[in-house]
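Topology and contacts: notes
As a plain string of letters, each chain reads:
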Amino acid sequence: MKSTETKEEIREKYRKIRAQIPSETRKHADNQIAERLFNRPEYRDARIIYCYMSFKDEADTASIIDESLRLGKQVALPRVSGKRKMEFFFISGQKDLVTGFMGIKEPAGYCLEASAPSEDALVLLPGLAFDRSGARLGYGGGFYDTYLAKHAGCKKAALAYSAQIAPEIPTEPVDVKTDMIITEKELIICSQDFREIR
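Quick summary incoming for the structure in this document. What you see as residue numbers is a count from 1 along each chain, following the sequence as written. Reporting in this predicted model follows two pLDDT cut-offs: at least 70 for local features of residues, and 80 or more for side-chain atom pairs to be given and counted; totals over whole chains, interfaces and linings ignore these cut-offs and use all residues. With hydrogens and water set aside, each side-chain value is computed from the structure's full complement of heavy atoms.

1. Observations concerning the overall build of the chain
Across its full length, the chain carries five helices and eleven strands. Based on C-alpha atoms, the radius of gyration is set beside the globule rule, defined as 2.2 Å times the residue count to the power 0.38. For a compact globule of 198 residues, the expected C-alpha radius of gyration is about 16 Å, and the chain comes in at 16 Å, within 12% of that figure. Principal-axis analysis of the C-alpha atoms gives the chain an extent of 50 × 35 × 30 Å. When a residue's accessible area, from a 1.4 Å probe over protein chains only, is under 20% of the maximum for its type it is buried; when over 50% it is exposed; and in between it is partly exposed. Burial analysis of the chain (198 residues in total) assigns 49% to the buried set. Restricting to contacts in the chain with at least 6 residues of sequence separation, those with at least 24 account for 65%. When the accessible surface of the chain is summed, it comes to about 10,100 Å², and 53% of that surface belongs to carbon and sulfur atoms. In summary, the charge assignment counts Lys and Arg as positive and Asp and Glu as negative, without counting His or the chain termini. For charged residues, the charge sits on one atom: NZ in Lys, CZ in Arg, CG in Asp, CD in Glu. Counting 31 positive and 30 negative side-chain charges, the chain places the averaged centre of each group 1 Å from the other. Per the convention used, a helix needs a DSSP run of H or I reaching at least four residues, while a strand needs a run of E reaching at least two, with both numbered from the N terminus. Throughout, a contact is declared for two residues whenever any of their heavy atoms are within 4.5 Å. Areas reported as accessible are Shrake-Rupley estimates using a 1.4 Å probe. Residue values count occlusion only from the protein chains shown.

Next up, the structure:
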């Protein structure tokens, strides 16, 4: 059954759901999400992690960034450069981050630009809501869809709380799906027909 809610209605609904998660529950969930990610071969085998700095009540990425750097992986974060435009830049630590677009931390001007994600990379995606087919609902800026459309084929994993999994998210041809969703409760391997593989 097709969703009768608009993208904006779903955004607002899941923005509220995520904001209502208690801080202690959130902290425990963040640890579970990070641990599940670290155990994935896609993460272990990746030389470069294309991450993002979590903002407000998103699943925490600060510990993921720190651990990835500790393991000797290269870490790149996005910097917004215009409408629907962003590029990734390498950081050596959170000291390289400055407040940028919409108040989100992004790499400082002196950071080196990262090349397009290749086979030895893993791209971590933010979002407000996801469904089991891999459809992702972001914040409406189109930054990730535009970036990933140019770099099709890279491995993508979304980080989310289990409360952010929606029955179905309406999609358009320009929307890029994620390959997997990592929550505190499960790993969802996404496919077009909503099958779940554990």
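So much for the structure itself; the text now carries on.
2. A word on the sheet that holds strand 6 (residues 121–125)
Here seven strands make up an open sheet; going across it, the order is 3-2-1-6-9-10-11 and the pairing mixed. With partners counted over all chains shown, the strands left at the sheet margins are strand 3 (85–91) and strand 11 (187–189), one partner each. Looking at each pair of strands side by side, their axes are set apart by 25° on average, direction ignored. One requirement defines pairing of two strands: DSSP has to find at least two bridges between them. Where strand 6 meets strand 9 (residues 155–159), four bridges bridge the pair, whose relative direction is parallel. An axis is simply a line fitted to the C-alpha atoms; with a helix, the fit covers only the stretch in contact. Between two such axes, the angle follows the N-to-C directions and lies from 0 to 180 degrees.

3. Brief notes about the pairing of strand 3
Sheet topology note: the strand 2 (residues 74–82)/strand 3 ladder contains seven bridges and is antiparallel. Residue pairing in the sheet places Gly82 in a bridge with Lys85 of strand 3. What sits between strand 2 and strand 3 in their antiparallel hairpin is a turn of two residues, with Arg84 showing a positive phi close to 60°.

4. A word on helix 5 (residues 143–150)
Buried within helix 5 we find Phe143, Tyr144, Asp145, Tyr147 and Leu148. Those residues of helix 5 hidden inside the fold are in contact with strand 1 (48–50), strand 2, strand 3, strand 6, strand 8 (136–137) and strand 9.

5. Regarding the environment of Arg36
For Arg36, the location among the structural elements is in helix 2 (residues 23–38). The class of Arg36 is partly exposed, set by a relative accessible area of 25%. In this structure, the C-alpha to C-alpha distance between Arg36 and Lys83, residues 47 residues apart in sequence, is 34 Å. Each residue touching Arg36, except ones within four places of it in the same chain, is listed here: Ile182, Thr183, Glu184, Lys185, Glu186 and Leu187. What qualifies as a polar contact is a pair of N or O atoms within 3.5 Å, subject to a donor-acceptor requirement within protein and to the restriction that residues adjacent in sequence count only when both atoms come from side chains. From its side chain, Arg36 meets the backbone oxygen of Thr183 in a polar contact 3.0 Å long.

6. Notes on unusual backbone geometry
Backbone geometry places Lys56, a non-glycine residue, at a positive phi of 55°. Checked against the element boundaries, Lys56 lands in the loop between strand 1 and helix 4 (62–70). Even without being glycine, Arg84 reaches a positive phi, approximately 60°.

7. What to know about the pairing of strand 9
Strand 9 sits mainly inside the fold: four of its five residues count as buried. For strand 9 and strand 10 (residues 180–182), the ladder comprises three bridges, and the chain directions are parallel. Opposite Leu159, over in strand 10, you have Ile182 as the bridge partner.

8. Comments concerning the packing of helix 2 against helix 4
A pair of packed helices is captured by two measures, namely the crossing angle of their axes and the spacing between those axes. One way to put it is that helix 2 packs onto helix 4 with a least axis distance of 10 Å and a crossing angle of 35°. For helix 2 against helix 4, the interelement crossing comes out right-handed. Residues Ala34, Leu37 and Phe38 of helix 2 form the contact with helix 4, whose participating residues are Ser63, Ile64 and Glu67. Under the scheme applied, nonpolar residues are Ala, Val, Leu, Ile, Met, Phe, Trp, Tyr, Cys and Pro; charged residues are Asp, Glu, Lys and Arg; polar residues are all the others, including Gly. Residues of the contact of helix 2 with helix 4, tallied by class, amount to four nonpolar, one polar and one charged. It is the rotation of the near helix from the far one that decides the hand of a crossing: anticlockwise by less than a right angle makes it left-handed, clockwise makes it right-handed.

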